[in-house]
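# Working through the structure, step by step
As a plain string of letters, each chain reads:
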Amino acid sequence: MTNKQIVYLCLYFIISIVVFLYIDLPYLGQLSLIIFVLSLGLFLLTNMPAGLSAFIALTIGVLLGIPEKILFESMDEHVVWLMIGAFIIGAAVEISGLLDRLIHWIDNKCHTENKMNIFLFIIVQIISILVPSTSGRAASMIPIYKAFASRFQSNQKYFALLIPVLILMGANLTLIGAGSHIVGIGLLKGQTNETISYVDFIIWGFPFGIIMGVISLFIIKKLFFIKNDKGSESSFNEVKSKHKPLSTKEKKTLLYLFITISLWITESLHGFDIAFITIAMSVVMMAPNIGVISWKQGLKSISWSLIFFVAGATALGELLVSYKVIEYIQKNLYGYLSQFENINELVVLLIIVIITVTSHLYVTSHTTRAVVFVPLFLLFSDMFNLNPISVVFMTLIGTNYCVTFPVSSKALLLFYEQDRKPFKNIDLAKVSGILMPIYMLIMIACYYFWWQYTGLSLR
């Protein structure tokens, strides 16, 4: 072990002792918090594969008393199966030849940095409106990322950061932009009988999402874009001279993609979960005679390290809820806020913005953040006679920010776990160091110049 690793280990033992001696939680709650910190430390401070770090923490937890079923049930998550299916669909796009066609199109059309950036920005905004899952949107953009990374190899880091960050900013555009929106609005309806409609969310969220998308593009371009990247010509020699009509396999893949996206968009009509739709269509794409890839090719395309990490991280997040760690945090925070009887509107706004935007640093799951902070801020709104719709909407927008660590978003993880890891934790932290305060300021500006005049006044 290096000296630095020894220091980290000693610090972890000190944190563990403090948790056991001073945090008023049952043993399993204390243990859940400690192994969560362990998994986060292994992920951020070592070169250990993401999946291994999560399952090491879970295994240690089981050895120390957490029920074994937590480990075995970690794969029983919708997002895990959504991502498995998305990897297979992505492989079908690549193997069918559609990816080569996309590369050829990019080679012909996207010669300048402005054309590249405009293309990426527009396509992410379109899928953010159509596809109701950040993970699904990220998976659908992987072939496009590969095309751009292949065409402009010195800018791989730029594209690997830009695409998922734009996807995350695009979550603010519509009600279906993130699963946490549905959860949060369900909690609002249950506690106050108020709701936020699809149209209302677009009116309030769309301008904010577009503004943050443009700002994110500008920041990441300034930090990581390498100018004068003319692109790799050799990788296109094979496809440049060919303008063949679509093959049967390509036509099948396009048809299946159209059906998949249509089913994603109409989830509320047919009632099938997006994860089931993705798996079902991936099975169709691998089926003999009617499919476009083989079973073996489909399985080979899956990033199992990422799958295991998502499963493990989700299980760790559920432990924090199951063993009252999140409830403990809620009670202490609520107790602190209840000291203030008369509070200025700007102070209320700052509290909501700062707590929700920074929440991804200590609650990694997007949906868990909604489950934790929407009820908390509904209590807050009741305490200070605030508009609950305004409070919940801004809570959801704030908790959508999750750019600092790859572990905070499955969309980021999907790109982080690509071959040769196109970006590092420090690169993402650098982006977030600039983007997070801007995100907060834009939320505040939107409130004073737009939201309070369109039905979202706090009082």
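Everything discussed here concerns the structure shown above.
Residues numbered from 1 in each chain as written. Predicted model: local features only at pLDDT ≥ 70, side-chain atom pairs only at ≥ 80, totals over all residues. Heavy atoms only, no water.

### A short note on the overall build of the protein
- Secondary structure summary: the protein contains 23 helices and 0 strands in total.
- Burial statistics for the protein: of 459 residues in total, 53% are counted as buried.
- In the protein, 79% of the contacts between residues at least 6 apart in sequence involve partners at least 24 apart.
- Of the accessible surface of the protein, which amounts to about 20800 Å², a share of 66% is contributed by carbon and sulfur atoms. (Helix = DSSP H or I, 4+ residues; strand = E, 2+ residues; numbered from the N terminus. Buried < 20%, exposed > 50% of the residue type's maximum accessible area, 1.4 Å probe, protein only. Contact = heavy atoms within 4.5 Å. Areas by Shrake-Rupley, 256 points an atom, 1.4 Å probe, with all protein chains shown as cover.)

### Quick notes on the pattern of salt bridges
- Overall, the coordinates contain 1 salt bridge when judged by the stated rule.
- For the salt bridge of Asp427 with Lys157, the shortest nitrogen-to-oxygen distance reads 3.4 Å. Placement of Asp427 in helix α23 (residues 425–449) and of Lys157 in helix α9 (residues 156–170) is noted, with a sequence separation of 270 residues between them. (Salt bridge = Lys/Arg side-chain N within 4 Å of Asp/Glu carboxyl O.)

### Examining the packing of helix α10 (residues 179–192) against helix α20 (residues 366–383)
- It is the contact of α10 with α20, at a shortest axis distance of 9 Å, that shows an interaxial angle of 25 degrees. Classified by the angle their axes make, α10 and α20 are roughly parallel. In this structure, the crossing between α10 and α20 has a hand that is right-handed. For the pair α10 and α20, contact is made by Ser180, Val183, Gly184, Leu187, Leu188, Gln191 and Thr192 and by His366, Thr367, Ala370, Val371, Val374, Pro375 and Leu378, respectively.
- Class assignment for the residues of the contact of α10 with α20 results in 8 nonpolar, 6 polar and no charged. (Axes fitted to C-alpha atoms, helices over the stretch in contact; angles between N-to-C directions. Parallel < 35°, antiparallel > 145°, perpendicular 65-115°, else oblique. Left-handed = near helix turned anticlockwise from the far one by under 90°. Nonpolar A, V, L, I, M, F, W, Y, C, P; charged D, E, K, R; others polar.)

### Some details on the packing of aromatic side chains
- Overall, the coordinates contain 16 aromatic pairs when judged by the stated rule.
- When the centroid spacing of 5.9 Å and the interplanar angle of 45 degrees are considered together, the rings of Phe208 and Trp451 count as tilted. In this pair, Phe208 sits in helix α11 (residues 198–224) while Trp451 sits in the segment after α23, placing the two residues 243 residues apart along the sequence.
- Linked through ring pairs, Phe201, Trp204, Phe208, Phe393, Tyr401, Tyr439 and Trp451 together constitute an aromatic cluster. (Phe/Tyr/Trp six-rings, centres within 6.5 Å; stacked < 30°, edge-to-face > 60°.)

### Description of the packing of helix α8 (residues 134–151) against α9
- Two numbers describe how α8 lies on α9: the axes approach to 10 Å, and their chain directions differ by 155 degrees. As judged from the angle between their axes, α8 and α9 are roughly antiparallel. Like other packed secondary-structure pairs, α8 and α9 cross with a definite hand, here right-handed. Side by side, α8 and α9 meet where Thr134, Arg137, Ala138, Met141, Tyr145, Phe148 and Ala149 of the first sit next to Gln156, Phe159, Ala160, Ile163, Ile167 and Gly170 of the second.
- Within the contact of α8 with α9, the residues separate by chemical class into 9 nonpolar, 3 polar and 1 charged.

### A short note on the environment of His366
- Within the fold, His366 resides in helix α20.
- On a C-alpha basis, the gap between His366 and Leu396 in space is 9.7 Å, while along the polypeptide they are 30 residues apart.
- Excluding anything up to four places from it in sequence, His366 contacts Ala178, Ser180, Thr399 and Asn400.

### What about the nonpolar core?
- Ranked by internal contacts, the top residues of the largest apolar core, which has 142 residues, are Met141 and Trp451.
- Ignoring anything within four residues of it in the chain, the contact list for Met141 reads Leu120, Ile123, Val124, Ile127, Ile163, Ile167 and Phe415. (Core = buried A, V, L, I, M, F, W, Y, C linked by side-chain atoms within 4.5 Å.)

### Description of unusual backbone geometry
- At Asn193, a residue that is not glycine, the phi angle is positive and equals roughly 65 degrees.
- Looking at Asn193, the relative accessible area reads 60%, which means it is exposed.
- Of note, Asn289 is a non-glycine position whose phi angle comes to about 75 degrees, a positive value.
- Note on placement: Asn289 falls in the loop between α15 (274–286) and α16 (295–300).

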